[in-house]
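Listed below, chain by chain, are the residues.
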Amino acid sequence: MIDAKRESFAQLVAEISVRDLDRSLALYTALGFSVDRRTGGFAVLIWDDAMVFLDEYPNLSETSGAPRANLRVIVEDVDDMWATARKLGLVVNREIADRSYGLRDFTVLDYDGFGLRFATPLENGEAKTEFDL
């Protein structure tokens, strides 16, 4: 469990508003996040040494299909995470691909329209373009 001081004074933490905390916790844990604590309609999730907060707002409005923001998570095997996201039936915002900025990544939307971008650094730090193939 994260100590209260670290949680309270962390320099940068994403806090995501969700309509149904139970449903969101099920999704985020299926994707590999760990629940550090839950207090009522609020939860602290952990990914390695990073924190993400989920805060429940049952009357949160629907989204237009494009994420308002996204949370990037570096993983060891982005293709494996892609398979997990597809199995969960998540809405795909950006298909998996090698990107010019040196990552292989994809973005899916959580149940409240927040983007989750999973990525793995490319070996040489650069993506091949369609012109290099």
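Residues numbered from 1 in each chain as written. Predicted model: local features only at pLDDT ≥ 70, side-chain atom pairs only at ≥ 80, totals over all residues. Heavy atoms only, no water.

Caption draft 1: Representation of the sheet that holds strand E4 (residues 50–56). Here 4 strands make up an open sheet; going across it, the order is E1-E4-E3-E2 and the pairing mixed. Strand pairing shows two members of the sheet lacking a second neighbour, strand E1 (14–18) and strand E2 (34–39), which therefore form its edges. Between one strand and the next, the sheet's axes are offset by a mean angle of 20°, whatever the strand orientation. Both E2 and strand E3 (residues 42–47) contribute to a ladder of 5 bridges, which runs antiparallel. If you follow Thr 39 over to E3, its bridge partner there is Phe 42. (Pairing = 2+ DSSP bridges. Helix = DSSP H or I, 4+ residues; strand = E, 2+ residues; numbered from the N terminus. Axes fitted to C-alpha atoms, helices over the stretch in contact; angles between N-to-C directions.)

Caption draft 2: How the structure looks around the confidence of the model for the protein. For the protein, mean pLDDT is 87; residues scoring 70 or higher make up 87% of the total. This stretch, residues 127–133, has a pLDDT under 50; its non-local contacts, to residues over four places away or in other chains, come to 6 contacts. (pLDDT = per-residue confidence, 0-100. Contact = heavy atoms within 4.5 Å.)

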